[in-house]
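# Structural overview for review
Each chain, written out:
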4 protein chains.
Amino acid sequence: MSIYTPPPASARIGRRRVSESGPEESSVIIVMQHNASVKQIADAVARVEAKGLRVNISRGEECTIIGVIGDDRPIDRTQFEVLDGVEKVVPILKPFKLASREMHPPDTLVPLNGINVGGNKIVVIAGPCSVESREQILETAIAVKEAGATALRGGAFKPRSSPYSFQGLGEKGLELLAEAREATGLPIVTEAMSSEQVAIVARYADVIQIGARNMQNYTLLNTAGESGRTILLKRGMMSTIEELLMSAEYILAQGNSRIILCERGIRTFEKYTRNTTDINAIPVLKQMTHLPVILDPSHGTGKWEYVTAVARAGIAAGADGLIVEVHPHPEEALSDGVQSLRPEKFAQLVSEVRQIARAVGRE
Amino acid sequence: MSIYTPPPASARIGRRRVSESGPEESSVIIVMQHNASVKQIADAVARVEAKGLRVNISRGEECTIIGVIGDDRPIDRTQFEVLDGVEKVVPILKPFKLASREMHPPDTLVPLNGINVGGNKIVVIAGPCSVESREQILETAIAVKEAGATALRGGAFKPRSSPYSFQGLGEKGLELLAEAREATGLPIVTEAMSSEQVAIVARYADVIQIGARNMQNYTLLNTAGESGRTILLKRGMMSTIEELLMSAEYILAQGNSRIILCERGIRTFEKYTRNTTDINAIPVLKQMTHLPVILDPSHGTGKWEYVTAVARAGIAAGADGLIVEVHPHPEEALSDGVQSLRPEKFAQLVSEVRQIARAVGRE
Amino acid sequence: MSIYTPPPASARIGRRRVSESGPEESSVIIVMQHNASVKQIADAVARVEAKGLRVNISRGEECTIIGVIGDDRPIDRTQFEVLDGVEKVVPILKPFKLASREMHPPDTLVPLNGINVGGNKIVVIAGPCSVESREQILETAIAVKEAGATALRGGAFKPRSSPYSFQGLGEKGLELLAEAREATGLPIVTEAMSSEQVAIVARYADVIQIGARNMQNYTLLNTAGESGRTILLKRGMMSTIEELLMSAEYILAQGNSRIILCERGIRTFEKYTRNTTDINAIPVLKQMTHLPVILDPSHGTGKWEYVTAVARAGIAAGADGLIVEVHPHPEEALSDGVQSLRPEKFAQLVSEVRQIARAVGRE
Amino acid sequence: MSIYTPPPASARIGRRRVSESGPEESSVIIVMQHNASVKQIADAVARVEAKGLRVNISRGEECTIIGVIGDDRPIDRTQFEVLDGVEKVVPILKPFKLASREMHPPDTLVPLNGINVGGNKIVVIAGPCSVESREQILETAIAVKEAGATALRGGAFKPRSSPYSFQGLGEKGLELLAEAREATGLPIVTEAMSSEQVAIVARYADVIQIGARNMQNYTLLNTAGESGRTILLKRGMMSTIEELLMSAEYILAQGNSRIILCERGIRTFEKYTRNTTDINAIPVLKQMTHLPVILDPSHGTGKWEYVTAVARAGIAAGADGLIVEVHPHPEEALSDGVQSLRPEKFAQLVSEVRQIARAVGRE
């Protein structure tokens, strides 16, 4: 295990090359149609070579297969799918590199309040959906600290689907979070909704959260990456695991590897819960990437009754931590009250999760 | 906790009444449109009364609401949605009754090999996807028994999406399963794909499995229910939790409450795994119904690498047991090899799950 | 265009070979992992050869690719995915054969009431969700005939998610349908819910419908295929297009090519409509298969207000016809009233669809 | 029909009230649990009244229902869901107002190149996914104009899931688009990916596109709304129709009603197409909102072979126009080549769509 520093300079993204040389080679396989003509095959080969890539042709009885061997940049396979006589184009390498465990086998450790997230110890981030008042955030901060939380969460800028819903206290909310940190020592996790907000959020926060709705807001990813702050990157509610890793790749490409990934539930046809917690994503991500992975059972279920059970499941599945919504008076919450735990239920959650952590050999 | 016997005679389904009297009353709320006319409201009331139902009108400034009070049969709300001036119709009661915990608060216990499924002890059903040969099923049965399994699973009749895939050994497979039970003492769990197969499967099996693709095969549900055998009812990959409970209701309505529900993953847009294990479904089902609930992490993930992590998660979330695919030589399996565990990995799974069971206060 | 007769004898499915010889050869590509050892590659090759399949090895700088060349049976690729050192296994041929347009390029025409479904003329099947009474079905049959329908639909056996909903009139319903045919000359389309019902349904019906919930009820597919009757095969609400074609393959493998495919909406996260009509499926199916394809805008939307617009869209997209729910008194319907059109709205639909048909060069 | 000007001053969003008074009143219904105690009911009523809202209690035999009558602001129902004894909270009004057709029955017309989008004439926006070079964009602009396009689309800032994909030419691309407008007279539609880009995009573009990934980027919605430019708002691939309308509400709340909504396909489990075109969304949106609605069959299908069929379907379903990807040399496109039409195929599409438009009584 190690603190991973991605190759900074040459890895910058944009229209430039990602790096000038490297041991890996990307490749795709072009499968020609059953009845592709000799001319179509020759044309496809010519097209590949015109892109500066090498080919490796395999003629079977069934069909011809063209191996495309590139340099270290992932190849955009769609440029070949469009050619006449092509049945399909199969990628051989995954479309992310810096985030991949193949590239960087040891676990990346992200320091937070004296813990290395991704290491043996489980991290628990807790707090209200929104910062609503001085009393509310201080009361919550003290309560979650007492119950064993590692960090305090709370939204100052809130993305809300309705323009009529409470939009957060803005900078005032950030100041209250800083005051709560002062009072409790808990580091602050809070969301930046746009690249303009990154500077001000970075001034107050220890960890900048990029929310589910913004997982593919690339301007924000780049700016947050450049800030050098630790980033909590939440999976979009209908984004694939691969897309989550490609969004992490944007941040890594800025030279910032202090990234905590977060599974927070995906959108499905099921109606009894607000989202469907993709518990599979925990072992899949732990296998595919070296970055730490935490679970948000509050958004994952959308109902406080199910939060503790799914929190236990997350740690049992191998998650490195949890982020949980806690509110001292959920019935008065300006947002997400229905999925927030009262402090005493949260303390119970921490105690149950501790048992599970021990059962899987962690703290 | 108790062995629950549903009301047998009058509960028979069909076009008859479900029971002649009862304390519960069903109801829906009809919300009239903002601008509904007095005539539309009167017509809606007349329609409700013509159905033999009582009404309870509430006229607000915003809109008029008609409460519909019925007898003990759930009301089909779509008959009111179609009326002029109706904005929507909201059901008040859940559409299942015998399966609901409100109707029957204590946990139903289903006996299996000396264990009460749904009680304190965790059940583990294990075995190959398909019975392939005498050697294969005996080797597996002995191995899973040694590792601590409660029952043996194995398919004799196999539902396969392709007509060209192996379709199972049929009755020969059932005989081999019986031989494996003889040799190990493990009870047999195996699938019936149609109502015609129920009789023959019931002759050999201890538990009749109704597979995901047949969860809404109502002819099969009725026949299996009538057989009196214990039923393992798997959630359809495209079915809601509510629909699963309504399919259980079909079986309960036949007077058979020996039902084990099984979450086995649902279909989503995610491509890294074959299905998405709906871990939320575990606490939701435990809250909604008195029936025991187990998890199938093999189908839930579709890749053996993730099976153990998700098995741990299932027990941590409160599942009463697991059903796991185990094959002595997955690379030679005629079906589902890619999601089958080797016996030694399965033994490891059982040992890890045991730790989790203890951490949640179970055996 | 032609009436297609699939190869009957040797194509019988089960554990037998599909046919003894043939010009096509199936194949898959095994992509070995980047760092696969020479032994792993040799083992994979040995495994392929042990299955009686030939190999074609291509060693690239990036990775080794093993082409697997089989006989005419599709190869189950999962048996190779499980081998050590294998990155992935890519199928080259589609998993269906008899249903594929590559195998049989001309459109299959299915005769119905003097029309060839799949030919130039648009077919419109209409009628109530359920047969409820003599008056209801006769009134509807006469009305839809007058409006220009080709065939009459109506359910006698109804698959209902709740055991408490109206389950259909059974054989009495079939008799009423036959009487309506007598009165109007319209052929009858009605559902068989299980293989036991096939014989009785076949006695009365011109077209046996296999409903969405039964699309993967393989016992039913086989029995319906054997009956020789025309089959209306509806896509499951969460089945892929590929799975629909593989279910058609079951019927074709019984020597029966009188199959009409039906897109009827899939299940998604969208809540304003009951299902999401997959309009893309129309041109995709027309490209992939020679079988005719119709659209069910009633189930596709679930609300009568949207049925006509989506019916127009279906014909514009290239569908060969429509199946539409019509009820003389939707507010009294025992099922699906909310998505049923009154006869006068249906007449309007037929007239609008006629305009669209002409605009795409059809009748 | 009219050009709709939303109420500008008091409708500004944020933490302020939306407007001080109004004829509409919002409301929700609180359904208490079957066994709710008198105290729980009294507490719920007290909570409602403490929020300054009025109540209307209806005690049925089955359960008690509390009608909550508010002022003109939509009520956040989650604050009541969390109370003890509450079964569920049912909203009566839709959560959007300015976008709703109930509020503003006539169609809003958005002028574009002499056409009123939303009026009788169909609009067709066409062009490449990305602006790649002067030659490419000029060649395309001239070709699509000739074929009958109303406006030119082309991306200068490109949101790409991979940081290694072509990210667009940036401002250089905007200059080339302006040059193409100069040459052809076609207005320009191009995307702003973040609020910082709005100013520069507004300097060159006639219509600012907000892409699917940014549909819930509220900072961008507000800034684009304030710009006063016409906005093309694409539905997120994971967003409900209701969420699309709520995002439009953000723009309307800035006093800008020049909004064109765009259905562009949603994400489902189906794999043969890149997305699933939600054709139902066309009639649903036309019923729910006064804003014009167009369809993007290129993203909706993801494969050029299906674009024309789905374009026809969109117009047949009632869409006010289309946005189509066209590239003179799809096999050389830097992005989305596989779903781009060649100019001659596009000309064919326009001609076929014209037939459909006439069949539905439009031009």
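Please read all numbers here as calculations on a predicted model, not as lab measurements. (Residues numbered from 1 in each chain as written. Chains lettered and ligands numbered in written order. Predicted model: local features only at pLDDT ≥ 70, side-chain atom pairs only at ≥ 80, totals over all residues. Heavy atoms only, no water.)

## Focus: the sheet that holds strand 8 (residues 151-153) of chain D
Residues and elements named next belong to chain D.
- One closed barrel accounts for eight strands, arranged 7-8-9-10-11-12-13-14; its pairing is parallel. Between one strand axis and the next, the sheet turns by 25° as a mean value, whatever way the strands run.
- Sheet analysis places strand 9 (residues 188-191) next to strand 10 (residues 207-210), joined by three bridges and oriented parallel. For threonine 190, the partnering residue across the bridge sits in strand 10 and is isoleucine 208. (Pairing = 2+ DSSP bridges. Helix = DSSP H or I, 4+ residues; strand = E, 2+ residues; numbered from the N terminus. Axes fitted to C-alpha atoms, helices over the stretch in contact; angles between N-to-C directions.)

## Points about the relation of the copies chain D and chain A
- Between the two copies, chain D and chain A, the superposition gives an RMSD of 0.1 Å; the rotation angle is 180° and the shift along the axis is 0.1 Å. As the rotation angle and translation indicate, the two copies are arranged about a two-fold axis. Among all residues of chain D, the one whose C-alpha sits closest to the rotation axis is methionine 238 of chain D, at a distance of 2.5 Å.
- When you check the interface residues of chain D against chain A, 100% turn up at the interface there too, and the contact is symmetric in its surfaces. (Least-squares fit on C-alpha atoms with pLDDT ≥ 70 in both. Contact = heavy atoms within 4.5 Å.)

## Remarks on the sheet that holds strand 9 (residues 188-191) of chain A
Residues and elements named next belong to chain A.
- Around the barrel, eight strands lie side by side as 7-8-9-10-11-12-13-14; this closed barrel has parallel pairing. Taking the axes of each pair of neighbouring strands and ignoring which way they run, one obtains an average angle of 25° across the sheet.
- Across the face of the sheet, helix 11 (residues 343-359) comes into contact with strand 7 (123-127) and strand 14 (321-325) while running at roughly 165° to strand 14.

## Looking at the pairing of strand 12 (residues 259-263) of chain D
All names here are of chain D.
- Of all five residues in strand 12, five are buried; the element is thus mostly enclosed.
- Residues Ile259, Leu261 and Glu263 line one face of strand 12 and the alternating positions Ile260 and Cys262 line the opposite face, and both faces are buried.
- Both strand 11 (residues 230-234) and strand 12 contribute to a ladder of four bridges, which runs parallel. Residue pairing in the sheet places leucine 232 in a bridge with isoleucine 260 of strand 12.
- Bridging between strand 12 and strand 13 (residues 293-295) involves three bridges; their strand directions are parallel. Bridged to cysteine 262 within strand 13 is isoleucine 294.
- Taking the sense of rotation as the criterion, the β-α-β connection linking strand 12, helix 8 (residues 281-288) and strand 13 turns out right-handed. (Buried < 20%, exposed > 50% of the residue type's maximum accessible area, 1.4 Å probe, protein only. Right-handed = clockwise from strand over helix to strand, strands pointing away.)

## Side note on the relation of the copies chain B and chain C
- The transformation that overlays chain B on chain C combines an axial shift of 0.0 Å with a rotation of 180°, and the residual RMSD is 0.1 Å.
- The residues that chain B uses at the interface reappear at the interface of chain C in 98% of cases, marking a shared surface.

## Some thoughts on the interface of chain D and chain A
- The interface of chain D with chain A comprises 51 residues on the first partner and 53 residues on the second.
- Summing both sides of the interface, chain D and chain A together bury roughly 4,800 Å²; the carbon and sulfur share of this comes to 54%.
- Per-residue buried area on chain D facing chain A is highest for Tyr164, Met238 and Arg267 of chain D; these three make up 17% of the total on that side.
- On the surface where chain D and chain A come into contact, there are six salt bridges. (Buried area = accessible area lost by both parts, 1.4 Å probe. Salt bridge = Lys/Arg side-chain N within 4 Å of Asp/Glu carboxyl O.)

## So, empty space enclosed by the protein
- A full pass over the atoms with the stated rule returns ten cavities of 30 Å³ or more.
- When its volume is computed, the second largest cavity comes out at roughly 160 Å³.
- Considering the residues around the second largest cavity, the lining is formed by 16 residues, among which Arg213 of chain A together with Ala212, Arg213, Gln216 and Met238 of chain D are closest to the centre.
- Across the lining of the second largest cavity, the residue classes break down as seven nonpolar, five polar and four charged. (1 Å grid on protein atoms, 1.4 Å probe; cavity = no way out; pocket = protein on both sides within 12 Å on 5 of 7 lines; lining within 4 Å. Points joined across faces, edges and corners; volume = space filled by probe spheres on them. Nonpolar A, V, L, I, M, F, W, Y, C, P; charged D, E, K, R; others polar.)

## Side note on the nonpolar core
- Core analysis: the biggest nonpolar cluster contains 333 residues, and Phe346 of chain A, Phe346 of chain B, Phe346 of chain C together with Phe346 of chain D have the highest contact counts within it.
- With near-sequence residues (within four places) excluded, phenylalanine 346 of chain D lies in contact with Val124, Ala126, Val144, Ala147, Ala149, Val324, Val326 and Leu341 of chain D. (Core = buried A, V, L, I, M, F, W, Y, C linked by side-chain atoms within 4.5 Å.)

## A word on the packing of aromatic side chains
Residue and element names in this part refer to chain B.
- Inspection of the entire model under this criterion finds four aromatic pairs over all chains.
- Geometrically, the ring pair formed by tyrosine 218 and tyrosine 250 is stacked, given 4.6 Å between the ring centres and 25° between the ring planes. With tyrosine 218 in helix 6 (residues 218-227) and tyrosine 250 in helix 7 (residues 241-252), this residue pair connects regions lying 32 residues apart in the sequence. Neither residue differs from the other here; tyrosine 218 and tyrosine 250 are each classed as buried. (Phe/Tyr/Trp six-rings, centres within 6.5 Å; stacked < 30°, edge-to-face > 60°.)

## Points about the state of the cysteines
All names here are of chain A.
- Evaluated as defined, the whole model comprises zero disulfides over all chains.
- A disulfide-free cysteine, cysteine 262 has its sulfur positioned 13 Å from the sulfur of cysteine 129, the nearest such atom.
- Take cysteine 262: its relative accessible area is 0%, and that puts it in the buried class. (Disulfide = S-S within 2.5 Å.)

## Some words on the interface of chain B and chain C
- The interface is formed by 53 residues belonging to chain B together with 52 residues belonging to chain C.
- The interface formed by chain B and chain C includes five salt bridges.
- At the junction of chain B and chain C, the tally comes to 19 residue pairs in polar contact (both at pLDDT 80 or more).
- Looking at the side of chain B that touches chain C, the elements with two or more residues in it are helix 2 (78-81), helix 5 (195-204), helix 6 and helix 7 of chain B.
- Counting residues per element, the side of chain B that touches chain C draws most heavily on helix 7 of chain B, at four residues. (Polar contact = N/O pair within 3.5 Å; in protein donor to acceptor, adjacent residues only side chain to side chain.)

## Quick word on the confidence of the model for chain A
All names here are of chain A.
- On average, chain A scores 87 in pLDDT, and the residues at 70 or more come to 89%.
- Every residue in residues 6-25 scores below 50 in pLDDT, and together they form 44 contacts with partners more than four places removed in sequence or on other chains.
- Across the assembled chains, the prediction reports ipTM 0.86 with pTM 0.87. (pLDDT = per-residue confidence, 0-100.)

## What about the environment of glycine 318 of chain D?
- If you trace the backbone, glycine 318 of chain D turns up in the loop between helix 10 (304-316) and strand 14 (321-325).
- What glycine 318 of chain D contacts, discounting residues up to four positions off in sequence, is Arg312 of chain C together with Ile282, Lys286 and Arg362 of chain D.

## Some words on the packing of helix 10 (residues 304-316) of chain A against helix 8 (residues 281-288) of chain B
- Where helix 10 of chain A contacts helix 8 of chain B, the two axes come as close as 9 Å, and the packing angle between them is 130°. One finds that helix 10 of chain A runs oblique with respect to helix 8 of chain B. Judged by the sense of rotation from one axis to the other, the crossing of helix 10 of chain A with helix 8 of chain B is right-handed. Contact residues: helix 10 of chain A offers Glu305, Tyr306, Ala309 and Val310 of chain A, while helix 8 of chain B offers Pro283, Val284, Gln287 and Met288 of chain B.
- Among the residues making up the contact of helix 10 of chain A with helix 8 of chain B, the classes are represented as six nonpolar, one polar and one charged. (Parallel < 35°, antiparallel > 145°, perpendicular 65-115°, else oblique. Left-handed = near helix turned anticlockwise from the far one by under 90°.)

## Looking at helix 3 (residues 134-147) of chain A
Residues and elements named next belong to chain A.
- Helix length check: helix 3, at 14 residues, gives a terminal C-alpha distance of 20 Å against a target of 20 Å (1.5 Å per residue), a fit within 8%.
- For helix 3, the complete set of buried residues consists of Gln136, Ile137, Leu138, Thr140, Ala141, Val144 and Ala147.
- The inward-facing, buried residues of helix 3 abut strand 7, strand 8 (151-153), helix 4 (171-184) and helix 11.
- In the segment just after helix 3, glycine 148 is the residue with positive phi, at about 115°. (Expected span 1.5 Å × (residues − 1).)

## Some remarks on the side chain of threonine 273 of chain A
- Counting through the fold element by element, threonine 273 of chain A comes out in the loop between strand 12 (259-263) and helix 8 (281-288).
- Within the local environment of threonine 273 of chain A, its side chain forms a polar contact with the backbone oxygen of asparagine 275 of chain A, the two atoms lying 3.0 Å apart.
- Excluding residues within four positions of it along the chain, threonine 273 of chain A makes contact with Thr301 and Tyr306 of chain A together with Asn280 and Val284 of chain B.

## Notes on the environment of arginine 312 of chain D
- With respect to the secondary-structure elements, arginine 312 of chain D resides in helix 10.
- Using a relative accessible area of 14% as the deciding quantity, one classes arginine 312 of chain D as buried.
- A sequence separation of 42 residues divides arginine 312 of chain D from arginine 354 of chain D, and the C-alpha atoms of the two residues are 8.8 Å apart.
- Each residue touching arginine 312 of chain D, except ones within four places of it in the same chain, is listed here: Ala316, Ala317, Gly318 and Val360 of chain C together with Glu352, Val353 and Ile356 of chain D.

## Side note on helix 1 (residues 38-50) of chain D
Residues and elements named next belong to chain D.
- Under the 1.5 Å per step criterion, the end-to-end length of helix 1 is 18 Å for 13 residues, consistent within 8% with the ideal 18 Å.
- Within helix 1 the residues assigned to the buried category are Ile41, Ala44, Val45 and Val48. For helix 1, the buried positions fall inside an angular range of 95° around the axis, keeping them on one side. Across helix 1 from its buried face, at more than 90 degrees, point the exposed residues Lys39 and Ala50.
- Directly beyond the C-terminal end of helix 1, a positive phi value near 80° is found at glycine 52. (Arc of directions from axis to C-beta.)

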